[in-house]
Amino acid sequence: EEVEQLVTIPIEQAVSGAQGVRRLRSSSAIGISLVWVDFDWNVDNRAARQLITERLSTAAGSLPSDVEPFMAPTSSIMGEVMFVGVVGTENTTPAELRTLAEWEVRRRLLGLPGIAQVVPIGGEVAQVDVTLQPDRLMQHRLSVDLVLDALSEASRSRAGGFSVRGAQEYLVRVVGRADDLSELASIAVAHRDGVAIRLADVADVSFGAKVRRGAAAVDGEPAVVLKVQKQPHANTLAVTSTIESALDDVARTLPEGVSLYRKGFRQADFIRVSIDNVTLHLVEAAVLVVLVLMLFLMSWRTTLISLLALPLSLVAGLVTLSWLGASINTMTLGGLAIAIGELVDDAIIDVENVHRRLRDNHALPASERRPILDVVRDASQEVRSSIVFATMIIVLVFLPLFFLSGLEGRLLQPLGVAFVASIVASLLVALTVTPVLCYFLLGGGDVEANVKEARFAAWLKGGYRRVLERLLRHPRLVGALSLAGAVLATLALATFGRTFLPTFNEGSLNIAAATAPGTSLETTEAIVSRLERYLVEHPAVTSVIRTTGRAEKDEHALDVNFSELEVGLDLSAGDREAIFADVRSHASEIPGLAVTVGQPISHRIEHMVSGSRASLVVKVFGPELSELRRLARQAEAAMGTVDGVVDLSVEQQTVIPTIAIQPRHEELAAFGLTPGKLTSLVEMSLAGEELATYWRHNRPVPIVAHLPHAYRNDPTLLIQLPVDRQAERYARLGDLCTIDKTLGPNLINRENSQRRIFITANVSGRDLRGVAEDVERTVRSAVPLPAGYHVELGGEFEQQASASRTILGLSVLAVLGIAALLFMAFRSARDVMLVMLNLPLSLVGGVAAVALGSGVLSIASMVGFITLFGIASRNGIMMVSHYRDLLAEEPTRSAEAIIAGSVDRLVPILMTALTAALALIPIALASGDPGGEIQGPMATVILGGLLSSTMLNLLVVPPLYAALSK
């Protein structure tokens, strides 16, 4: 509580209210205060750091004199790109291993471009122990302060200026640095009766190790683990490649028996697999597009003209991405993969219309035939407005992606940029390159052979004409059935579960394992090692890296009762969910161990979104810690009754055994000491005080003074601790203070300047939103809240709800934008309504696709519905615009014109729909593969909706148009 009051709260007050801050979190523990300031996503990182630096400078005057706050390096938990283990043999001491990790590996990695921080944990940090002996100090009548002052000057060299002798200049150096421990031990700390009292007379000097507050292991064996963090905007693959090259060089210089463990967590592995998968989907989609074109056109010339739009559009899209500074990643490749079926659509429409008009022209008597150039030009102009407006609508529906904030915006915006850039490029190709190629390839040579209609297309047209003739006689029935389908789809959509992002298939595990607060580091390691051994022996596990407790240079500090395990998996040896269940089952059998099972990148996303390590968080806010703990236990019990809740745990804010030293102020004053002086003495005695630096093999080793470790490990000896007053007299600590065993908080967490406690859980077997709603309802009914306390639901659910509201609002605007563009094109409310009919018609197939799949809507599938509306509108525009042209020529023959117009547009509509749909099949089938987790649900929705809207558009729009034209 003192850390909270003296350090955390003043810093919070200083940074609170800064421009762009969306959330303020803090954690106070014994000897450490961490404050996280979360800014809005659109705030520049450098500007944010500058702002916080200025605010911290104003807070310095309110902090204790010995507290100097500093900002962590420019990175985040999402920036952890690799864990590297440094492993030795039995002959390698923990201190030697840590020294090698710090000086040979860490220093090399820190010098690489793109690296922000390298955090080591494990082994032992070497130091020179100066163990003061109280009995010898009293024997020589020396005060602790006197010895400490002498030690602070014990190993120091200084520059002495320079000396000139004739023409020669000499630099003067005072070499006071001790070359070995014997020299350090021989320094004089005082004189008595003309006799020097040396450090060795009152203290033992030896090489030792800093008190461990963290440990690490790889595959169950003790090691040092280096957590490598990249800088923001640095390319993960490029940084990883640079790291690998550096590690190759370092490995060759390490002593015999010391090796680097490089099988552990690596973000690049998941990224490479994802990119390979998406690239494969891109190729598969292109092959399917070629097959569709050949099937309908049966002409290498028309197929070639249409296909040329594909590479030209892709190249234009990649050039645009490069110009915008975007990288080639799974999301940009996913955008190109989703768009690939659409890239040939504009060219197909143009080619097919030119093909048909050339065929009609060639069927005329030779004297009536028009010049080829005029036919090609007029045929292209005939469909030009349709493809321009259709492409504008598709671009319009993608605009909402660029207004998404938060994590979903960062993930989906690159996809939107790639999609829009390539689609616009395909339009430009269709307007410029395609007509020219049609003139040269279709208009030259044997025109009759070039424009001959494929038998398959002729057969389809004949069958479609017969179906239309029947449907036009029953427009009300057709309209009623389509309306019923749209209503049922809308009702079904409301019943679907909701989640934030689809589950990633990372091929690895992240396990958070906690023992009871107050458990020692050694005991925690012994308990967690049982789980560790099980994982190492599991047939599906390829690597295990464990870190326990606090790394000295880590801003994400953890207590010694907390461990994290990064586990690599071979999914060919077992199903992922089955492995998750196995780990949870085995962990539940280990007494005193609570675990949360997730995946590395997913865990880091959850931590970045909500500050927790789980997808669902119940936050209890209030002033009193004891009451917060009581309410949290009640909430935990209530959440345990909700189906689908797994990994349920309460944040470990509890009371732990403490030794409270309370000064007796009268006795202290009589002895001439202040409480602050006494505090410093106890701190030095038990924790140690770094006073100087000893250089060993040209590497700095801190010189640390402290009393024998027995004083720290046995509280009864604290009573006997001698307290001196400048060597005039001594008293025991027990004479000046009251020393009691008591209980105190191990941790105090705050959010937005209020104390709070988390109850966290993951979700299995159900959708996130459904579980979250049940949890919220259950907790509010089962946990009565006193005045001054309140509960909030957070985690991924919070982000999902916010993103859903944004997408819903933007989708309404997109639909209004579609209607506005259509009205600009047709100037007819009737025609706009008939084209807009494709939206509910597409909803039928999209809803069916979700229902046949997971039955859960994620942010990705919701974006898929918006995208679907734009793509589906293309078919309606083509049909209605052609009707208008034909009716303008023969206004009295509406039924014949509608049938003829529908038959004319059958082939281009089917071709564009099938190329778009078939190109999405590889992506939809690979929804669970790495790299396809976000694009897969989008592709599934678009695929299902495109199929339904195409079929229903061909069958519903003509009868309704005919009925409304009478």
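Residues numbered from 1 in each chain as written. Predicted model: local features only at pLDDT ≥ 70, side-chain atom pairs only at ≥ 80, totals over all residues. Heavy atoms only, no water.

Novice: Help me understand the environment of V832, please; the structure alone is not making it clear to me.
Specialist: Residue position: V832 is located in helix α30 (residues 829-836). In this structure, the C-alpha to C-alpha distance between V832 and L821, residues eleven residues apart in sequence, is 9.1 Å. Look past the residues within four positions of V832 in its chain and what remains in contact with it is A819, L822, F823 and F826. (Helix = DSSP H or I, 4+ residues; strand = E, 2+ residues; numbered from the N terminus. Contact = heavy atoms within 4.5 Å.)

Novice: Explanation requested: the nonpolar core in the structure shown.
Specialist: Nonpolar side chains in soluble globular proteins generally cluster together in the buried interior. In terms of nonpolar packing, the biggest core is built from 141 residues, with L310, I338, L412, V775, I818, L822 and F865 touching the most fellow members. Setting aside its immediate chain neighbours within four residues, F865 contacts L493, L843, G846, V847, V850, L857 and V941. Of all hydrophobic cores here, the second largest spans 44 residues; its members include A178, L184, L199 and V682. (Core = buried A, V, L, I, M, F, W, Y, C linked by side-chain atoms within 4.5 Å. Buried < 20%, exposed > 50% of the residue type's maximum accessible area, 1.4 Å probe, protein only.)

Novice: How should I be thinking about the sheet that holds strand β19 (residues 594-598) in this particular structure?
Specialist: Note: strands within a sheet are paired through backbone hydrogen bonds, in either parallel or antiparallel orientation. Taken together, the six strands give an open sheet; going across it, the order is β12-β11-β17-β18-β16-β19, and neighbouring strands pair in antiparallel fashion. The outermost strands of the open sheet, each flanked by one partner alone, are β12 (221-222) and β19. Across seven bridges, strand β17 (residues 541-549) lies against strand β18 (residues 562-569) in antiparallel orientation. Opposite V544, over in β18, you have V567 as the bridge partner. Across the sheet, helix α19 (residues 521-537) touches β11 (214-218), β16 (508-514), β17, β18 and β19, and the angle it forms with β17 is around 170 degrees. Sheet strands touched by helix α20 (residues 576-588): β16, β18 and β19. Its angle to β19, the strand with the most contacts, is close to 175 degrees. (Pairing = 2+ DSSP bridges. Axes fitted to C-alpha atoms, helices over the stretch in contact; angles between N-to-C directions.)

Novice: Can you help me understand the sheet that holds strand β24 (residues 699-706) in this one?
Specialist: Reading across from one edge, β10-β5-β24-β23 is the order of the four strands in this open sheet, with mixed pairing throughout. At either end of the open sheet lies a strand with only one pairing partner, and these are β10 (203-209) and β23 (689-696). Sheet twist, expressed as the mean angle between neighbouring strand axes with direction ignored, is 30 degrees. On the sheet, helix α5 (residues 144-152) packs against β5 (126-132), β23 and β24 and is oriented at approximately 35 degrees with respect to β23.

Novice: What exactly am I supposed to notice about the environment of L964 here?
Specialist: Along the chain, the position of L964 falls in helix α34 (residues 935-965). With 134 residues separating them along the chain, L964 and R830 place their C-alpha atoms 7.8 Å apart. If sequence neighbours within four positions are ignored, L964 has contacts with R830, M833 and L834.

The analysis is restricted to geometry; functional conclusions fall outside its scope.
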